[in-house]
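Inside the fold
Residue strings, one per chain:
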Amino acid sequence: ARQVRGLMNRMGESNVANVANEIAQLSARIPRRAVGDACTKEILKALVDGPRASEQYAAALAAFVAGVSGELGPELGARFGCQLLKSLEAARAAGNARAASN
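All values reported here derive from a predicted model rather than from experimental measurement.

Before going further, it helps to examine the nonpolar core. Counting residues in each nonpolar core, the largest one holds 24 residues, and the members touching the most others are Val-4, Met-8, Met-11, Ile-23, Cys-39, Ile-43 and Phe-64. Elements supplying a minimum of two residues to this core: helix H1 (2-9), helix H2 (16-26), helix H3 (32-49), helix H4 (55-72) and helix H5 (74-93). Excluding residues within four positions of it along the chain, Met-8 makes contact with Val-19, Ile-23, Cys-39, Glu-42, Ile-43 and Phe-64.

Taken as a whole and assessed by the stated rule, the structure comprises 0 disulfides. Unpaired in this structure, Cys-39 has its nearest cysteine sulfur neighbour in Cys-82, at a distance of 16 Å. For Cys-39, a relative accessible area of 3% corresponds to the buried category. The partly exposed category is assigned to Cys-82, whose relative accessible area is 38%.

Time to look at H5. In a regular helix each residue adds 1.5 Å, so 20 residues correspond to 28 Å; H5 covers 29 Å between its end C-alpha atoms and thus fits that length. Just past H5, the residue Gly-95 takes up positive phi, approximately 80 degrees.

This part is about the side chain of Thr-40. When you line up the elements, Thr-40 lands in helix H3. Not counting the four nearest positions on each side in its chain, Thr-40 is found in contact with Phe-80 and Gln-83.

So, about the packing of H1 against H2. The interhelical angle for the contact between H1 and H2, taken along N-to-C directions, is 170 degrees, at an axis separation of 10 Å. When the interaxial angle is binned, H1 and H2 end up roughly antiparallel. Across from Gln-3, Val-4, Leu-7 and Met-8 in H1, the residues of H2 making contact are Val-19, Glu-22, Ile-23 and Leu-26. Classifying every residue of the contact of H1 with H2 by side-chain character gives 6 nonpolar, 1 polar and 1 charged.

Conventions we followed
Residues numbered from 1 in each chain as written. Predicted model: local features only at pLDDT ≥ 70, side-chain atom pairs only at ≥ 80, totals over all residues. Heavy atoms only, no water. Core = buried A, V, L, I, M, F, W, Y, C linked by side-chain atoms within 4.5 Å. Buried < 20%, exposed > 50% of the residue type's maximum accessible area, 1.4 Å probe, protein only. Helix = DSSP H or I, 4+ residues; strand = E, 2+ residues; numbered from the N terminus. Contact = heavy atoms within 4.5 Å. Disulfide = S-S within 2.5 Å. Expected span 1.5 Å × (residues − 1). Axes fitted to C-alpha atoms, helices over the stretch in contact; angles between N-to-C directions. Parallel < 35°, antiparallel > 145°, perpendicular 65-115°, else oblique. Nonpolar A, V, L, I, M, F, W, Y, C, P; charged D, E, K, R; others polar.

So, in structure tokens, the structure goes:
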């Protein structure tokens, strides 16, 4: 998880593909599901706990999820989508407008 966090912290719009490829290469040493779950956790943490996400940041994250899903399999994207919806529903139910709108 720490390796995934470090790579994702370096991610910007210009290097999304490189970071997605590096994270996909981690699956040679770490189970794919663990890699995908770590990615999902880091993205949701940034969206729920972080500052208001810009459209540019959201587009970079969407490209990242698509790239990693392409490398590791569509189940990663499906699990991410499921967790994202659960997180949004929980934020909305708790009245956390910022987290629900990110």
